[in-house]
Amino acid sequence: MDSKIEIVLKRHESYLHSFLSIAGWVVLLFYLIFIKLSPFTGDLLVFLLLCISFGLYNYLYFKHPTVVTADSEKLIYKHHFSSTEILLTDMKEITCEPYFVHGRYTSEQRIRLTIYTKDDELELNDHVDTNAVLTDKLEDKETDIPLIRLYQFLMKQTGRME
C-alpha cells in the first residue's frame, strides 16, 4: 500500500468561469470606450490596473490548480498562495458524496470530499466527467477519480476502512 498520495483538483472546467472570463474582457472593452469619451485623464491608469488585475486573476485561476498531498501523518492542501495542514489524528469524520451543479441550460456532476476536525472543516470538490468514466468502464479501462482515491486513502490511513 502506498504511504503517500498527491492529487490535483482542476475546478476551473466550468462554463460559468469561461463566461466570467469573456464577460470581464467585454467590460474592459466598454471601459476602454468610456475612456475615449471621458475628460478624466486618470482613466487610462485605472484601465491598465483593471487589465493587469483581471489578467492576473485569469492566470491564477486557470493555470494554478489546487494540490492536495497526504501521507501517513498529515494532509496538506495548497491553493494559490496558502497552505493548510491537517493531521490525520485530528480528523473526526470524512465524507464523500456526489452532487450536481445546475445551470440554466447545463448540469455538471461534481464530487465533494469533506474532512471534519474538532474545530474546523475542509471541503474539497472537483468535476467528474461521468461520460468518460462510463466509457472507460465499458471498455474495461482503469477509471480514476482523484477525490475518491484520496477518500479511500484517508479512510485506510485513519483506520476507518479495512
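As a reminder, the structure under discussion sits directly above these lines.
### As for the sheet that holds strand β6 (residues 107-117)
Line of reasoning, step 1. Spatially, the three strands line up as an open sheet ordered β5-β6-β7, and their pairing is antiparallel. Only two strands of the sheet have a single neighbouring strand rather than two, namely β5 (91-102) and β7 (121-127). For this sheet, the mean inter-axis angle between neighbouring strands, taken without regard to orientation, is 20°.
Line of reasoning, step 2. The sheet contact formed by β6 and β7 spans seven bridges and is antiparallel.

### Here we look at the sheet that holds strand β3 (residues 74-79)
Line of reasoning, step 1. Here we have four strands laid out as an open sheet, ordered β1-β2-β3-β4, and antiparallel in their pairing. Whereas interior strands pair on both sides, the edge strands pair on one side only; in this sheet they are β1 (4-9) and β4 (82-87). Looking at each pair of strands side by side, their axes are set apart by 15° on average, direction ignored.
Line of reasoning, step 2. When β3 meets β4, the two strands line up antiparallel, connected through six bridges.

### Structural notes on the pairing of β1
The side chains of a regular strand alternate between both faces of the sheet.
Line of reasoning, step 1. With burial as the criterion, only one face of β1 is covered, namely that bearing I5, I7 and L9; the residues K4, E6 and V8 on the opposite face remain uncovered.
Line of reasoning, step 2. Examined bridge by bridge, β1 and strand β2 (residues 66-71) share six bridges and lie antiparallel to one another. Across the sheet, residue K4 finds its bridge partner in β2, namely D71.

### Re the pattern of salt bridges
Line of reasoning, step 1. In this structure the tally under the stated criterion is five salt bridges.
Line of reasoning, step 2. Across the salt bridge formed by R112 and E123, the nearest N and O atoms sit 3.6 Å from each other. Taken together, the positions of R112 in strand β6 and E123 in strand β7 put the pair eleven residues apart, joining distant regions of the chain.
Line of reasoning, step 3. Given a relative accessible area of 37%, E123 falls into the partly exposed group.

Conventions we followed
- Residues numbered from 1 in each chain as written.
- Predicted model: local features only at pLDDT ≥ 70, side-chain atom pairs only at ≥ 80, totals over all residues.
- Heavy atoms only, no water.
- Pairing = 2+ DSSP bridges.
- Helix = DSSP H or I, 4+ residues; strand = E, 2+ residues; numbered from the N terminus.
- Axes fitted to C-alpha atoms, helices over the stretch in contact; angles between N-to-C directions.
- Buried < 20%, exposed > 50% of the residue type's maximum accessible area, 1.4 Å probe, protein only.
- Salt bridge = Lys/Arg side-chain N within 4 Å of Asp/Glu carboxyl O.

These figures capture arrangement, not role.
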